[in-house]
Amino acid sequence: MIHEFIGDLGHTFVIVAFISAIYAAFCFYKATVKKDLETATQWKLNGRMAFYIHAVAVFGIIFSLFFIIYNHYFEYHYAWSHSSRTLPTHYMISCFWEGQEGSFLLWMFWHAILGIIIIFTNKYWEAPMMTVFATVQAFLASMILGVVIPGLELKLGSSPFILLRDAISAPIFDSQPNFVPTDGTGLNPLLQNYWMVIHPPTLFLGFATTVIPFAYCIAGLWQKKYRDWIRPALPWALFSAAILGIGILMGAYWAYETLNFGGYWNWDPVENAVYVPWLILVAAIHTMIIYRNSSTALKSSVVLIITSFVLILYSTFLTRSGVLGNASVHSFTDLGLSGQLLIYLLFFTVGAVILTIKRWKDIPTSEKEAETYSREFWIFIGALSLCLMGFQVLIPTSIPVFNSIVEMFGGVGNLAPPANQIEYYSKFQLWFGVLIAILSGVGQYFWWKKIELKQLKNSLSGPLVLTLIISAIIILLANVAKPSYIALLVAGVFTIVANLKILIGLLKTSPKLSGGAITHIGIGLVLIGVLFSSGYSKVVSLNNTGMLISKQSSAEFNNENLLLFINEPKTMLHYTLKYKGERVESLDEGIYVDKNDIALTAIPHLVTAKREISDNGSLVYYKGDTIHIAPENTYYEIEYTTEDGDKFSLFPRAQVNEAMGGLLASPDIKRGLTSDLYTHVSSIRSPTEEVEWNNPEEFKVGINENFYVNDYVANVATIERLPSLKGVDLTDDDVAIQAKIIVQGEERDYTAEPVFLIKNGLVGRISDEIGDLGIKLTLLNVHPETNNFTIGATTRQKNWVVLKALEKPYINVLWLGTLVFVVGFVVAIRRRYSEFQKMKRKGLE
């Protein structure tokens, strides 16, 4: 059955959202340009009503799409492409924004909320601000419009409500037009992580908030209120930078927990495309602060605010146009929106540039240059450094765009991105980090306008001496020897010490002014955390056996990984490791279950317990209970024993997904106060690979009589006739006999239950495999006259896994720094917002 109504409803909401956004933009524009107050007010009321209708339509689109996903309407391409019946509700929410259309919709949702907030909180700037807001919304709505313009045959947007039969060409739809798949393809396994439920909404809120300072800036230029826009825009710029920064950090933590490249930042083009506008936005905040305190750097603020928003649009173009190709693991596939995205980018870029050029001569400037020994001068140097820091990343990231432009004009674009992204970007960004840290420390000691050099020296002498003492101690204890690392360490310690002195003074006098000092302390902690967790991250899973793991693999792979066979101990650093076997996760109970303790069913995500299953001594499942699992995920239990005899287990995850390049491995992390132990599997026995079994052996044994298989002791514990057999329709003339064979492993006893079957006069045998031990047992025959049985046994190599482990020292300093950084932003936002509120109460905002 095709549920057409909900799709038609959703598409109707999209059209309403698009038209109402255009009409709202027109009304607010008319309200801005009309000189007559009464007429302007009427246009403004019309604009409000249109925007409210637009917001309702956006909420309607969201409801319709989630209704389709939640109810498994796989006749819709979006639901089929991103969801499945086995996903829990929180991952269904992630499905909502996994695709391009859903992420555009998430962006629209935040814009709708923010637009309503602006309408209710700032009547002074409402009309020009909302003209920009509604125009942005119209462009975003066009991205999910999914209509073809008659005559031009031009497609506008990609609809999330398109039916599967209209989206793909498949023979089944020729014979069965109303065919509906029973299940979807599911959510990308790497996105099945709790961070992916909260990271995208946070990041897109950051994207959405960048339009607010941009809209204030454009409104100020448009209305020739060149000075007035800074005050209301500053708290929003701070909020935007804080949210965007949190979103970036969430993404970094997701990468640390989910991906297996051994870190949290890989300088991927899409990571860079978000990082750069954030840097420019932070630079803009600093120039805005300069202007608020000394009436300089207004033109710089205009340029940087516009640039930060344009770069957000540029990052959208990079991510969604397909121009990155294979250069990024994050980029979306091209849905044919590249031209539309380019128009979106150029419209606001060209429009903002033209308006700025037109107003440039009228923008007030300070006649007197900033003194060298003034805070505004050094803050401006810091903002300039942030811009250079950003553009050093942006230019190499844009190489695919440069190539496309060259090819568009008939040339050959053969520029290549950096081969080793981490090494290339890090060697430049490290020194920028040193410069930013020094400026963050020194800048706080300058006064506005000017300070005497002697006074500056007296103020900085204490922090400098303390910095050198602390740095020397850390260098000696941590054995920091590389000159660039020493420079980064000293700079990081200096900005912490210098700002800590400022913070202590402010907490005694004016705590509300402490936001900058707290934020800069966070920056220092982040730099030190990055220095140690990345610069001194070391591989601890060194292969010291002298034997190759694989002749086909590189020397690095053979040297930095350990081959672990089931239950065979191996030494690593100050641990003894033991691979305990393959596990699946019970989605209902949140525990790991031994694969040997479950039986598969016809439904992949449902298995049954072959015996009682306990967790930490508590019975969780009885024999025969149904267990809900994610069949694509296998966890590999690695038991660690310390030199003191303490034990803990880690469960790195892996799955084989040919569509995504083969082995997808996610780490498991043992978190410690001073370091993390970061482990992931590098190679596993492929479940799709044909197993090479040895020649079968036969054993004629009786009850409780031992025999040896693959060097393990085995015996037949019991034998019984089964009254029924799953999957087989037994009659009174049929016989099904099941043997219970116990095999004594190194750590535990394993049970195999092969079946001997006589049905309709024909003999059949159902073997049972003990995967961990590489044993397959078959009940070949029953000899009632001698009261014994013939057991067939075939063997293979027992289970193994290749493991890589890294030690990430002092990574908690990085996470602590991010927390302090956010607290600083919160304090700064509260201060600037309170200033705005005071002016609003006076009728000046």
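Computed from a predicted model, the values in this text were never measured in an experiment. (Residues numbered from 1 in each chain as written. Predicted model: local features only at pLDDT ≥ 70, side-chain atom pairs only at ≥ 80, totals over all residues. Heavy atoms only, no water.)

1. Section: the overall build of the chain
Turning to step 1, where the next piece is worked out: Counting its regular elements, the chain contains 22 helices and 29 strands.
Turning to step 2, where the next piece is worked out: In terms of overall dimensions, the chain has C-alpha extents of about 110 × 75 × 55 Å along its principal axes.
Turning to step 3, where the next piece is worked out: Out of the 845 residues belonging to the chain, those deemed buried represent 54%.
Turning to step 4, where the next piece is worked out: Residue pairs at least 24 apart in sequence account for 68% of intrachain contacts in the chain once pairs closer than 6 positions are excluded.
Turning to step 5, where the next piece is worked out: Carbon together with sulfur atoms contributes 59% to the accessible area of the chain, which is approximately 38600 Å² in total.
Turning to step 6, where the next piece is worked out: For the chain, the separation between the mean place of its 64 positive charges and that of its 69 negative charges on side chains is 18 Å. (Helix = DSSP H or I, 4+ residues; strand = E, 2+ residues; numbered from the N terminus. Buried < 20%, exposed > 50% of the residue type's maximum accessible area, 1.4 Å probe, protein only. Contact = heavy atoms within 4.5 Å. Areas by Shrake-Rupley, 256 points an atom, 1.4 Å probe, with all protein chains shown as cover. Lys, Arg positive; Asp, Glu negative; His and termini not counted. Charge placed at Lys NZ, Arg CZ, Asp CG, Glu CD.)

2. Some thoughts on empty space enclosed by the protein
Turning to step 1, where the next piece is worked out: This model, assessed by the stated rule, comprises 1 cavity of 30 Å³ or more.
Turning to step 2, where the next piece is worked out: Each pocket or cavity is described by its volume, and for the largest cavity that value is around 50 Å³.
Turning to step 3, where the next piece is worked out: Lining the largest cavity are 11 residues, with Pro269, Pro396, Thr397, Pro417 and Gln421 positioned closest to its centre.
Turning to step 4, where the next piece is worked out: Those elements that place two or more of their residues in the lining of the largest cavity are helix H12 (269-294), helix H15 (375-397) and helix H17 (421-442). (1 Å grid on protein atoms, 1.4 Å probe; cavity = no way out; pocket = protein on both sides within 12 Å on 5 of 7 lines; lining within 4 Å. Points joined across faces, edges and corners; volume = space filled by probe spheres on them.)

3. Details of the packing of helix H13 (residues 298-320) against H15
Turning to step 1, where the next piece is worked out: At a minimum axis separation of 13 Å, H13 and H15 run at an interaxial angle of 20 degrees. Between H13 and H15, the crossing angle belongs to the class labelled roughly parallel. For the crossing formed where H13 meets H15, the hand is left-handed. Within the contact between the two elements, H13 uses Ser300, Leu304, Thr307, Leu311, Tyr314 and Leu318 and H15 uses Phe380, Cys387, Phe391, Leu394 and Thr397. (Axes fitted to C-alpha atoms, helices over the stretch in contact; angles between N-to-C directions. Parallel < 35°, antiparallel > 145°, perpendicular 65-115°, else oblique. Left-handed = near helix turned anticlockwise from the far one by under 90°.)

4. A look at the nonpolar core
Turning to step 1, where the next piece is worked out: One finds Trp107, Ile212, Phe214, Tyr216, Trp229 and Ile306 to be the most contacted residues of the largest nonpolar core, which totals 151 residues.
Turning to step 2, where the next piece is worked out: Other than its neighbours up to four places away in sequence, phenylalanine 214 contacts Val132, Ile305, Ile306, Phe309, Phe348 and Ala352.
Turning to step 3, where the next piece is worked out: If you look at the next biggest cluster of nonpolar residues, it comprises 30 residues, including Leu456, Tyr485, Phe494 and Phe532. (Core = buried A, V, L, I, M, F, W, Y, C linked by side-chain atoms within 4.5 Å.)

5. Quick notes on the environment of tryptophan 125
Turning to step 1, where the next piece is worked out: Considering the arrangement of structural elements, one finds tryptophan 125 in the loop between helix H5 (100-121) and helix H6 (126-143).
Turning to step 2, where the next piece is worked out: Sequence separation between tryptophan 125 and alanine 219 is 94 residues; the distance between their C-alpha atoms is 7.5 Å.

6. A short note on the side chain of serine 142
Turning to step 1, where the next piece is worked out: Looking at the element boundaries, serine 142 is found in helix H6.
Turning to step 2, where the next piece is worked out: According to the relative accessible area criterion, serine 142 is buried, its value standing at 7%.
Turning to step 3, where the next piece is worked out: A distance of 2.5 Å separates a polar side-chain atom of serine 142 from the backbone oxygen of phenylalanine 139.
Turning to step 4, where the next piece is worked out: Contact partners of serine 142, with chain neighbours within four places excluded, come to Phe18, Leu156, Gly157 and Gln340. (Polar contact = N/O pair within 3.5 Å; in protein donor to acceptor, adjacent residues only side chain to side chain.)

7. Description of the sheet that holds strand S12 (residues 626-628)
Turning to step 1, where the next piece is worked out: Across the sheet, 3 strands lie side by side as S8-S9-S12; this open sheet has antiparallel pairing. Looking at strand neighbours, the two that pair on one side only are strand S8 (598-600) and S12, the edges of this open sheet. The average angle at which neighbouring strand axes cross in this sheet is 40 degrees, direction not considered.
Turning to step 2, where the next piece is worked out: In this structure, S8 lies alongside strand S9 (residues 606-609), joined through 3 bridges in antiparallel fashion. Counterpart to alanine 599 in the pairing with S9 is threonine 608. (Pairing = 2+ DSSP bridges.)

8. Overview of the domain arrangement of the chain
Turning to step 1, where the next piece is worked out: When its domains are assigned, the chain resolves into domain 1 (1-187), domain 2 (555-656 + 681-688) and domain 3 (697-795).
Turning to step 2, where the next piece is worked out: Each of domain 1 and domain 2 has a C-alpha centre, and these two points are 43 Å apart. (Domains from an automatic or database assignment.)

9. Here's the deal with the side chain of threonine 751
Turning to step 1, where the next piece is worked out: For threonine 751, the position within the fold is in strand S23 (residues 749-752).
Turning to step 2, where the next piece is worked out: For threonine 751, a relative accessible area of 16% gives the class buried.

10. A few points about unusual backbone geometry
Turning to step 1, where the next piece is worked out: Positioned with a positive phi, asparagine 567 is a non-glycine residue whose angle comes to about 65 degrees.
Turning to step 2, where the next piece is worked out: Despite not being glycine, asparagine 787 shows a phi value in the positive range, around 55 degrees.
Turning to step 3, where the next piece is worked out: Relative to the elements of secondary structure, asparagine 787 occurs in the loop between strand S27 (775-783) and strand S28 (788-795).

11. Section: H6
Turning to step 1, where the next piece is worked out: With 18 residues, H6 ought to run about 26 Å at 1.5 Å a step, and its terminal C-alpha atoms sit 26 Å apart, in line with that.
Turning to step 2, where the next piece is worked out: By the criterion of burial, H6 is predominantly enclosed, with 18 of the 18 residues buried. (Expected span 1.5 Å × (residues − 1).)

12. Some thoughts on the pattern of salt bridges
Turning to step 1, where the next piece is worked out: Applying the stated criterion across every chain, the model contains 18 salt bridges.
Turning to step 2, where the next piece is worked out: Salt-bridge contacts for glutamate 746 lead to lysine 798; the nearest nitrogen and oxygen are separated by 3.0 Å. Placement of glutamate 746 in the loop between strand S22 (735-744) and S23 and of lysine 798 in the loop between S28 and strand S29 (800-809) is noted, with a sequence separation of 52 residues between them.
Turning to step 3, where the next piece is worked out: In this structure glutamate 746 comes out as partly exposed when scored by relative accessible area, which is 39%.
Turning to step 4, where the next piece is worked out: Accessibility expressed as a relative area gives 12% for lysine 798, which makes it buried.
Turning to step 5, where the next piece is worked out: When salt bridges that share partners are traced, they join Arg583, Asp594, Asp597, Arg611, Glu637 and Arg748 into one network. (Salt bridge = Lys/Arg side-chain N within 4 Å of Asp/Glu carboxyl O.)

13. Overview of the environment of aspartate 362
Turning to step 1, where the next piece is worked out: Among the structural elements, aspartate 362 can be located in the loop between helix H14 (338-359) and H15.
Turning to step 2, where the next piece is worked out: Exposure remark for aspartate 362: the relative accessible area of 44% places this residue in the partly exposed category.

14. Here we look at helix H9 (residues 195-209)
Turning to step 1, where the next piece is worked out: Compared with the 21 Å implied by 1.5 Å per residue over 15 residues, the 21 Å span of H9 between its first and last C-alpha is a close match.
Turning to step 2, where the next piece is worked out: In terms of residue burial, H9 counts as a mostly covered element, since 14 of its 15 residues are buried.

15. Remarks on the confidence of the model for the chain
Turning to step 1, where the next piece is worked out: In this model, the chain carries a mean pLDDT of 89, and residues with pLDDT of at least 70 account for 96%.
Turning to step 2, where the next piece is worked out: Predicted confidence in the chain is weakest over strand S2 (residues 154-156), with a mean pLDDT of 80, and strongest over helix H10 (residues 211-222), with 96. (pLDDT = per-residue confidence, 0-100.)

16. Overview of the pairing of S27
Turning to step 1, where the next piece is worked out: Examined bridge by bridge, strand S26 (residues 768-770) and S27 share 3 bridges and lie antiparallel to one another. If you follow glutamate 769 over to S27, its bridge partner there is lysine 776.
Turning to step 2, where the next piece is worked out: Counted between consecutive antiparallel strands, the loop separating S26 from S27 contains 4 residues, among which glycine 774 sits at a positive phi close to 70 degrees.
Turning to step 3, where the next piece is worked out: As paired strands, S27 and S28 are joined by 8 bridges and run antiparallel to one another. Bridge pairing in S28 links asparagine 781 to threonine 790.
Turning to step 4, where the next piece is worked out: Hairpin connection from S27 to S28: 4 residues lie between these consecutive antiparallel strands, with asparagine 787 at a positive phi of about 55 degrees.

17. Concerning the sheet that holds S28
Turning to step 1, where the next piece is worked out: The antiparallel open sheet is built from 4 strands, whose spatial order is S19-S28-S27-S26. Pairing within the sheet leaves two strands with one partner each, and these edge strands are strand S19 (697-701) and S26. For this sheet, the mean angle separating the axes of adjacent strands, direction not counted, is 30 degrees.

18. Topic: a nonpolar patch on the surface
Turning to step 1, where the next piece is worked out: Residues Phe391, Ile395, Phe402, Ile405, Met408, Phe409 and Leu415 make up a contiguous nonpolar surface patch of roughly 750 Å² in combined accessible area.
Turning to step 2, where the next piece is worked out: Of all the elements in the fold, those that place two or more residues in the nonpolar patch are H15 and helix H16 (399-408).
Turning to step 3, where the next piece is worked out: Within the secondary structure layout, leucine 415 lies in the loop between H16 and H17. (Patch = residues over 30% accessible without salt bridge, like charges linked within 9 Å, V, L, I, M, F, W, Y side chains within 5 Å.)

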